[in-house]
Amino acid sequence: MKTFPAIFIFSLTTLLIACGKDKYESKPRLEFKDYDRIVDSTRDLTIRISYFDKEGDLNEAEIIGIKERLNNFPPPSINLGDTFRNILPEYPPKDFGEITFQLNYSRLDESVNQNDTVRFRFAVTDKAGNKSDTITTDMIVARKP
């Protein structure tokens, strides 16, 4: 019956090591909190992103969003642009928080006769110049009315 304590100690050690990986680092970390998978002309696309940063210096930092159109045919009837650069607002330094990205349906609707499908990639650079990894949404559908 000595295996029970050994398994318990091994499990506890593994759990503590896994929890230790969640500590904040100087390099910002982004995670999707939630976003709309289907958008139509009655509402904007909303993407909420959680951020984690040891120094909390993401206030007034640059966030970049890149739209990738997944439709290959037909070609877009208009080119609405695919890169969105924004400066986060000024706020007291926090090591975690939320960023909300909103985009009007009209900025997604490029095809004349079919639903558009896109995905977005996001990255942020804090005031110290530390760059986050890029996070990418799943496919988002801009449904025709």
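Conventions and cut-offs
- Residues numbered from 1 in each chain as written.
- Predicted model: local features only at pLDDT ≥ 70, side-chain atom pairs only at ≥ 80, totals over all residues.
- Heavy atoms only, no water.
- Phe/Tyr/Trp six-rings, centres within 6.5 Å; stacked < 30°, edge-to-face > 60°.
- Helix = DSSP H or I, 4+ residues; strand = E, 2+ residues; numbered from the N terminus.
- Buried < 20%, exposed > 50% of the residue type's maximum accessible area, 1.4 Å probe, protein only.
- Pairing = 2+ DSSP bridges.
- Axes fitted to C-alpha atoms, helices over the stretch in contact; angles between N-to-C directions.
- 1 Å grid on protein atoms, 1.4 Å probe; cavity = no way out; pocket = protein on both sides within 12 Å on 5 of 7 lines; lining within 4 Å.
- Points joined across faces, edges and corners; volume = space filled by probe spheres on them.
- Nonpolar A, V, L, I, M, F, W, Y, C, P; charged D, E, K, R; others polar.
- Contact = heavy atoms within 4.5 Å.
- Salt bridge = Lys/Arg side-chain N within 4 Å of Asp/Glu carboxyl O.

K.L.:
In this structure, what is going on with the packing of aromatic side chains? I would like to understand it.
P.N.:
How two aromatic rings sit relative to each other is set out by the distance from centre to centre and by the angle between their planes. In the structure shown here, the tally under the stated rule is nine aromatic pairs. Centroid distance phenylalanine 84 to phenylalanine 101: 5.8 Å. Interplanar angle 70 degrees. Geometry classified as edge-to-face. Here the residue phenylalanine 84 occupies a position in strand E5 (residues 83–87), and phenylalanine 101 occupies one in strand E6 (residues 96–103), the gap between them amounting to 17 residues. Look at phenylalanine 84 and you get buried, because its relative accessible area is 10%.

K.L.:
What's the story with the sheet that holds strand E1 (residues 29–35) in this structure? I'm lost.
P.N.:
On the basis of which strands lie adjacent, the open sheet formed by three strands has the order E1-E3-E6 and antiparallel pairing. Because the sheet does not close on itself, it has two edges, and the strands there are E1 and E6. The average angle at which neighbouring strand axes cross in this sheet is 25 degrees, direction not considered. Note that strand E3 (residues 45–52) and E6 share eight bridges and pair antiparallel.

K.L.:
Any chance you could explain the layout of surface pockets here in plain terms?
P.N.:
Each pocket or cavity is described by its volume, and for the largest pocket that value is around 170 Å³. Along its surface, the largest pocket is lined by eleven residues, and Lys23, Glu25, Lys27, Pro28 and Arg29 are the ones closest to its centre. In terms of residue class, the lining of the largest pocket is made up of five nonpolar, no polar and six charged.

K.L.:
What's the story with the side chain of serine 50 in this structure? I'm lost.
P.N.:
Mapping serine 50 onto the fold places it in strand E3. With a relative accessible area of 15%, serine 50 lands in the buried category. In this structure, serine 50 is in contact with Arg29, Leu30, Glu31, Lys33, Gly97 and Glu98, ignoring residues within four places of it in sequence.

K.L.:
How should I be thinking about the pattern of salt bridges in this particular structure?
P.N.:
Side chains bearing opposite charge may pair, as long as their charged atoms lie close to each other. Applying the stated criterion across every chain, the model contains 14 salt bridges. With a shortest N-O distance of 3.6 Å, arginine 48 and glutamate 98 are connected by a salt bridge. Taken together, the residues arginine 48 in strand E3 and glutamate 98 in strand E6 connect sequence positions 50 residues apart. Relative accessible area serves as the criterion here: at 26%, arginine 48 is assigned to the partly exposed category. Glutamate 98 gets classed as partly exposed once you look at its relative accessible area, which sits at 35%. We note a salt bridge from aspartate 109 to lysine 144, for which the minimum N-O separation is 2.4 Å. Note that aspartate 109 is positioned in the loop between E6 and strand E7 (116–125) and lysine 144 in the segment after strand E9 (140–142), a separation of 35 residues in sequence.

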